[in-house]
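Structural overview for review
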Amino acid sequence: KDLKKWFPAKKSPFSREKVFIKAVDGVSFTLNEGETLGVVGESGCGKSTMGRSVLRLLEPTGGQVIFNGVDYTALKDKELRDSRKDLQIIFQDPYASLDPRMTIGDIIAEPLDIQLKLPAKERMQRVLETMERAGLNTRFVNRYPHEFSGGQRQRIGIARAIVLNPKIMVCDEPVSALDVSIQAQVINLLMDLQKEMGMAYIFISHDLSVIKHISDRVAVMYLGHLVEIADKKDIYAHPMHPYTVALLSAIPVPDRKHKKEKIVLEGDLPSPANPPSGCVFHTRCYKAQDICKTEVPELKDCGNGHCCACHFPE
Ligand code: SF4
Ligand code: MG
């Protein structure tokens, strides 16, 4: 609800004046039990910061995260630690997120050790079960991360994230660093695990075909704002926000007859330290009118839960 993450920064290297980089600037959405919400947008639009702020890996500057009726953003110390088991994350770079000095078994057991402190036998049992679930050979439990390929390392990261049976998992570009041939395996694993365990995913990616494959609903972010959110079918068939229209126009279509005009966005992504007034997209929008420069468009339901933040939706 109105989630914000602003980072303080200096205006210039020699200046004393402070500015705020508004990486996430008032994002609201609902995540339903067991669903996958795909979050898409160019790099620098605030997707990862949003995902980390939901989990409080970054403390939000404002807004709330309501989880099962409880304001997760207001929890302190022990309550927060207890709730953390329900919210987990997997990262883009599986290698950087695994401690090279720890065995796979200890890496996967780490969340257990923090939360449950199980007796050794049960702990090992749980680790081996989780490795199997993640498609890892249990014989490798005492090996180290460097002995594994990128895809297997991502399976280790997934095993660590699911060992506590979380309710929500933020998947931050989990396949972007992997070979295309391996991407599908990891995505299918995530989809199977969801069926088995009922987790909800916030699946962050800049890859529209990956998002289309895995999501139930899709949210589009631009410069720290959520500009459109809808069921996957609706958003891919009838995008309403000009930014979404432009993004989707860039996907190659195999069928020549239905070839769409590719919309090229003019200019660069503006700085989140100095975002445009009114609609943050107005500097690059092909439909912009005068009102767009002054009035912030609200995210409005245009029917069937298809929400769009634009004065002139398609
Ligand atoms: Fe474009 Fe105006 Fe809509 Fe913003 S509000 S997306 S500038 S038409
Ligand atoms: Mg990112």
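Residues numbered from 1 in each chain as written. Chains lettered and ligands numbered in written order. Predicted model: local features only at pLDDT ≥ 70, side-chain atom pairs only at ≥ 80, totals over all residues.

- An unreviewed UniProt entry annotates the chain as Oligopeptide transport system ATP-binding protein of Frisingicoccus caecimuris.
- Check the Sequence similarities (unreviewed entry) section of the UniProt entry for the chain; it says "Belongs to the ABC transporter superfamily." (UniProt positions renumbered as here; feature names shortened; annotations may be inferred.)

Describing the packing of helix H3 (residues 104-115) against helix H5 (residues 150-162)
- It is at 7 Å that the axes of H3 and H5 come closest, and there the two elements cross at 30°. The chirality of how H3 crosses H5 is right-handed. Contact with H3, carried on its side by Ile 104, Ile 107, Ile 108, Glu 110 and Pro 111, involves Ile 156, Ala 159 and Arg 160 of H5 and no other residues of that element.
- The residue makeup of the contact of H3 with H5, split by class, is six nonpolar, no polar and two charged. (Axes fitted to C-alpha atoms, helices over the stretch in contact; angles between N-to-C directions. Helix = DSSP H or I, 4+ residues; strand = E, 2+ residues; numbered from the N terminus. Left-handed = near helix turned anticlockwise from the far one by under 90°. Contact = placed C-beta atoms within 7 Å. Nonpolar A, V, L, I, M, F, W, Y, C, P; charged D, E, K, R; others polar.)

Concerning the pairing of strand S9 (residues 217-222)
- When you tally the buried positions in S9, you get six out of six residues, the bulk of the element.
- Neither face of S9 is exposed, since Arg 217, Ala 219 and Met 221 on one face and Val 218, Val 220 and Tyr 222 on the opposite face are all buried.
- Relative to S9, strand S3 (residues 36-40) runs parallel, the two being bridged by four bridges. When the sheet's bridge partners are listed, Leu 37 is paired in S9 with Arg 217.
- For S9 and strand S10 (residues 225-231), the ladder comprises six bridges, and the chain directions are antiparallel. Within the sheet, the bridge partner assigned to Ala 219 lies in S10 and is Ile 229.
- Counted along the chain from S9 to the antiparallel partner S10, the turn is two residues long, and its residue Leu 223 has a positive phi close to 50°. (Buried ≥ 20, exposed ≤ 12 C-beta atoms within 10 Å, placed from the backbone. Pairing = 2+ DSSP bridges.)

Remarks on H5
- The terminal C-alpha atoms of H5, which comprises 13 residues, lie 19 Å apart, in line with the 18 Å expected from a rise of 1.5 Å per residue.
- Burial of H5 is extensive: eleven of the 13 residues sit out of reach of the surface.
- Every buried residue of H5 is listed here: Gln 152, Arg 153, Gln 154, Arg 155, Ile 156, Gly 157, Ile 158, Ala 159, Arg 160, Ala 161 and Ile 162.
- Contacts from the buried residues of H5 go to strand S6 (87-90), H3, helix H4 (120-133), strand S7 (168-172) and helix H6 (180-197). (Expected span 1.5 Å × (residues − 1).)

Side note on the site of ligand 1
- Close contacts around ligand 1 come from 13 residues, with Cys 279, His 282, Cys 285, Cys 292 and Cys 310 the closest.
- Its residues assigned to classes, the shell around ligand 1 comprises nine nonpolar, three polar and one charged. (Near = placed C-beta within 6 Å.)

A short note on the nonpolar core
- Counting residues in hydrophobic clusters, the biggest one holds 70 residues, and the most contacted among them are Ile 108, Ala 159, Val 220, Met 221 and Tyr 222.
- For Ala 159, the residues in contact, after removing those within four places along its chain, are Ile 108, Thr 130, Met 131, Ala 134 and Leu 136. (Core = buried A, V, L, I, M, F, W, Y, C linked by C-beta atoms within 7 Å.)

Notes on the sheet that holds strand S8 (residues 200-205)
- One open sheet holds the eight strands; their spatial order is S6-S7-S8-S3-S9-S10-S12-S11, and the pairing between them is mixed. With partners counted over all chains shown, the strands left at the sheet margins are S6 and strand S11 (300-301), one partner each.
- As paired elements, S7 and S8 share five bridges and run parallel to each other. Directly across from Val 170, in S8, lies its bridge partner Ile 202.
- Each of S3, S6, S7, S8 and S9 is contacted by helix H1 (residues 47-54), which is oriented at about 155° to S8, the strand it contacts most.

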